[in-house]
Amino acid sequence: MPDIIEVGGFSHRFGSLTAVDTITFSVRDGEIFSLLGPNGAGKSTTINVLTTLLPLQKGAVRVAGYDVSRDQPAVRRSIGIVFQNEVLDRDLTVWESLEFHGRLYSIPRNERAARIEELMAVVELTEKSDIRTKYLSGGMRRRLEIARGLMTRPRVLFLDEPTIGLDPQTRRRIWDYIRRVNEEGTTIFLTTHYMDEADHLSDRIGIIDHGRIVVEGTPEELKKSLGNDIVWLDTDDNDQTAALLGTIGSVHSIRAAGEGVTAVTNEDGTRCLPNVIDLISRNGISLAGINLKKPTMDDVFIHYTGRAIREESTDKVHPHQRRRR
Ligand SMILES: Nc1ncnc2c1ncn2[C@@H]1O[C@H](COP(=O)(O)OP(=O)(O)O)[C@@H](O)[C@H]1O
Ligand SMILES: [Mg+2]
């Protein structure tokens, strides 16, 4: 199966700021691909170039087989977009929003009506057909935006932070719609700063940080790449504990951070732990706490970027985004 999105050596600058720095990746036909990264990582810039909203400055980008710098109309005919910031006209009803979008894309009248009915059913907004969008909840508006992005039956649907700021229950429902749309054959390219969203939804993930893709793979591959298990220990001498862990062959990525010591083992952790406990007690260190767990997407992110995402991002709009608009 050929790749439906091909990005090679792609960079984008805003004046002297390099927002995207020489990234290369591809998305396979039919998959859900997530670009996971903190605020300011370059996700929206990437999506904006891939969807022809920003001109390509450097590198090669092909979407659905078309070059984004040479064949913009063909790219646009092949895609649907849901923006990070809501762009609904608040005085239009649900039905009118879809109808207006259909006209904009010259979908024939009879086809338009059928498609609107079909899509309102998919996102469960049929009953809200005649309600103005300003009276809908945030989750309903997001669903309407997804439906609108699908009006043109795109081969690829681009979703920029599809569940930003929504409550956990609504986020799960949005994930269900995204999966449903994907199962019907639409390739999904989404950006997110939510670890759980990327983990639960994606076939493959690219982690982006400071404009660079630091690692790429399936959620399983990424987690496995760290090792088998993560061991956490708290002792009366964490520095010496860290040094002792370093003498065990199967243990690596030892971090004495905050409270306790974290390390990754390539062995089955339940087999490794007795050795660890034995080693530290032989050295006269006393143990205050111990834990063993499988690597999560948070651990993957910390491992490849050197920090946790919540240190620098919130669900709110970033100050520089506010200034721009
Ligand atoms: N129109 C713009 N003008 C100047 N700087 C911008 C513009 N758009 C984005 N940036 C900057 O580029 C970087 C990447 O932004 P963006 O792609 O929006 O990141 P993300 O979507 O991952 O939060 C940030 O430092 C941001 O401030
Ligand atoms: Mg963004």
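Parameters and conventions
Residues numbered from 1 in each chain as written. Chains lettered and ligands numbered in written order. Predicted model: local features only at pLDDT ≥ 70, side-chain atom pairs only at ≥ 80, totals over all residues. Heavy atoms only, no water. Core = buried A, V, L, I, M, F, W, Y, C linked by side-chain atoms within 4.5 Å. Buried < 20%, exposed > 50% of the residue type's maximum accessible area, 1.4 Å probe, protein only. Helix = DSSP H or I, 4+ residues; strand = E, 2+ residues; numbered from the N terminus. Contact = heavy atoms within 4.5 Å. Phe/Tyr/Trp six-rings, centres within 6.5 Å; stacked < 30°, edge-to-face > 60°. Lys NZ or Arg CZ within 6 Å of the ring centre and 35° of its normal. Axes fitted to C-alpha atoms, helices over the stretch in contact; angles between N-to-C directions. Parallel < 35°, antiparallel > 145°, perpendicular 65-115°, else oblique. Left-handed = near helix turned anticlockwise from the far one by under 90°. Nonpolar A, V, L, I, M, F, W, Y, C, P; charged D, E, K, R; others polar. Donors = N, O, S within 2.8 Å, 3.2 Å for Na, K, Ca; no water. UniProt positions renumbered as here; feature names shortened; annotations may be inferred. Near = heavy atom within 4 Å. Polar contact = N/O pair within 3.5 Å; in protein donor to acceptor, adjacent residues only side chain to side chain. Areas by Shrake-Rupley, 256 points an atom, 1.4 Å probe, with all protein chains shown as cover. Pairing = 2+ DSSP bridges.

Let's hear about the nonpolar core: which residues, and what values?
Leu 98, Leu 144, Ile 146, Leu 157, Leu 159, Ile 178 and Ile 188 are the most contacted members of the largest nonpolar core, which has 29 residues in total. For this core, the element with the most residues is helix H5 (residues 138-150), which contributes five residues. Aside from chain neighbours lying at most four places away, what touches Leu 159 is Ile 47, Val 82, Ile 146, Ile 178, Ile 188, Phe 189, Leu 190 and Thr 191. With 25 residues, the next largest nonpolar core counts Phe 33, Ala 64, Val 75 and Phe 189 among its residues.

Lay out the packing of aromatic side chains in plain terms, naming residues and giving numbers.
Considering all chains together, one arrives at four aromatic pairs under this definition. For the ring pair Phe 25 and Phe 33, a centre distance of 5.3 Å and an interplane angle of 10° mean the geometry is stacked. A residue is classified by how much of its surface remains accessible, and Phe 33, at 0% relative accessible area, is buried. On the numbers, 5.8 Å between centres and 20° between planes, the contact of Phe 33 with Phe 189 is stacked. Placement of Phe 33 in strand E3 (residues 32-36) and of Phe 189 in strand E8 (residues 187-192) is noted, with a sequence separation of 156 residues between them. Each of the two residues, Phe 33 as well as Phe 189, counts as buried. Aromatic rings pair up to connect Phe 25, Phe 33, Phe 158 and Phe 189 into one cluster. In this structure, Arg 171 packs its charged tip against the face of Tyr 194, placed 4.0 Å from the ring centre.

Tell me about the packing of helix H8 (residues 219-226) against helix H11 (residues 297-305), residues and numbers included.
At a closest axis distance of 9 Å, the pairing of H8 and H11 adopts a crossing angle of 60°. One way to sum up the angle between H8 and H11 is to call them oblique. Of the two possible hands of crossing, H8 and H11 adopt the one that is left-handed. Along the contact surface, H8 presents Pro 219, Leu 222, Lys 223, Ser 225 and Leu 226, while H11 presents Met 297, Asp 299, Val 300, His 303 and Tyr 304. Along the lines of polarity and charge, the residues of the contact of H8 with H11 split into six nonpolar, two polar and two charged.

Which residues make up the coordination of the magnesium ion (ligand 2), and what values do they have?
Distances from the magnesium ion (ligand 2) to its protein donors, Ser 44 (OG) and Gln 84 (OE1), fall at 2.1 to 2.2 Å. Of this pair, Ser 44 sits in helix H1 (residues 43-50) while Gln 84 sits in the loop between strand E6 (79-82) and helix H3 (94-104), and the two are 40 residues apart along the sequence. You can call Ser 44 partly exposed: its relative accessible area is 21%. What makes Gln 84 buried here is its relative accessible area of 13%.

So what's going on with the UniProt feature "domain: ABC transporter" (unreviewed entry) in the protein chain? Which residues, and what values?
Residues annotated in UniProt with the feature "domain: ABC transporter" (unreviewed entry) correspond here to residues 5-235. Along residues 5-235 one finds 36% helix and 30% strand; the C-alpha atoms at either end are 49 Å apart.

Break down the site of ligand 1 for me, citing the residues and quoting the values.
The local shell around ligand 1 holds 13 residues, among which Gly 40, Gly 42, Lys 43, Ser 44 and Thr 45 are the closest. One of the side-chain N or O atoms of Lys 43 is found 2.8 Å from an oxygen atom in ligand 1. In the model, an oxygen atom of ligand 1 is placed 2.5 Å from a nitrogen or oxygen of the Thr 45 side chain. When ligand 1 sits alone it has 550 Å² of accessible area, and the protein chains cover 78% of it. For the shell around ligand 1, the secondary-structure elements that each account for two or more residues are strand E2 (17-28), H1 and helix H12 (319-324). Here the element with the most residues in the shell around ligand 1 is H1; it accounts for three residues.

Got a sec to walk through the sheet that holds strand E12 (residues 251-255)? Specific residues and values, please.
Pairing is antiparallel in the open sheet, where four strands are placed in the order E12-E13-E11-E14. Looking at which strands have only one partner, the edges of the open sheet turn out to be E12 and strand E14 (287-293). Taken over all neighbouring pairs, the strand axes of this sheet differ in orientation by 20° on average, direction set aside. Taken together, the six bridges between strand E11 (residues 229-235) and E14 define a ladder with antiparallel strand orientation. By the bridge assignment, Trp 232 is partnered in E14 with Asn 291. Contacts from helix H9 (residues 238-245) reach E11, E12 and strand E13 (261-265), with the element oriented near 145° to E11.

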